[in-house]
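One-letter residues, chain by chain:
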Amino acid sequence: MSCTVEERRRVRRAARAIRDEVATESVDVLAPSASQYGEWTLDAVLRDSEGVPPEVLRELALAGLTLQPTPSQAEFQHVAATV
């Protein structure tokens, strides 16, 4: 199995877990070609969140993803993480 396939699986698994654990506006998995980071990227917009909730940080850590700095917008918290 190639590294890219495993990376994609890890990002998708984390995206599913985040959807199940916290209120989200959207959760997307971006391929390296579509990501500003050039890597498999989890891109999420969380509802009613001040900062990144511990549940989200835990899922990112379990998947071995790196949280990228992103600005929050009004009542939404934007989260981007890469493999």
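Above this note sits the structure.
Residues numbered from 1 in each chain as written. Predicted model: local features only at pLDDT ≥ 70, side-chain atom pairs only at ≥ 80, totals over all residues. Heavy atoms only, no water.

Draft legend 1. Focus on the sheet that holds strand S3 (residues 66–68). Spatially, the four strands line up as an open sheet ordered S1-S2-S4-S3, and their pairing is antiparallel. A single partner strand is all that each edge strand has here, and the edge strands are strand S1 (24–30) and S3. Between one strand axis and the next, the sheet turns by 20° as a mean value, whatever way the strands run. As paired elements, S1 and strand S2 (residues 41–47) share six bridges and run antiparallel to each other. (Pairing = 2+ DSSP bridges. Helix = DSSP H or I, 4+ residues; strand = E, 2+ residues; numbered from the N terminus. Axes fitted to C-alpha atoms, helices over the stretch in contact; angles between N-to-C directions.)

Draft legend 2. Focus on the pattern of salt bridges. Evaluated as defined, the whole model comprises three salt bridges. Residues Glu 21 and Arg 58 are paired through a salt bridge, measuring 2.9 Å at the closest nitrogen-oxygen approach. Linking Glu 21 in helix H1 (residues 3–21) with Arg 58 in helix H2 (residues 54–62), this pair joins segments that are 37 residues apart in sequence. Here Glu 21 falls in the partly exposed class, since its relative accessible area comes to 35%. A salt bridge links Glu 25 to Arg 47, with the shortest nitrogen-to-oxygen separation between them at 3.2 Å. Highlighted residues: Glu 25 in strand S1 and Arg 47 in strand S2, separated in sequence by 22 residues. Bridged by salt links that share partners, the residues Glu 21, Arg 58 and Glu 59 form one connected network. (Salt bridge = Lys/Arg side-chain N within 4 Å of Asp/Glu carboxyl O. Buried < 20%, exposed > 50% of the residue type's maximum accessible area, 1.4 Å probe, protein only.)

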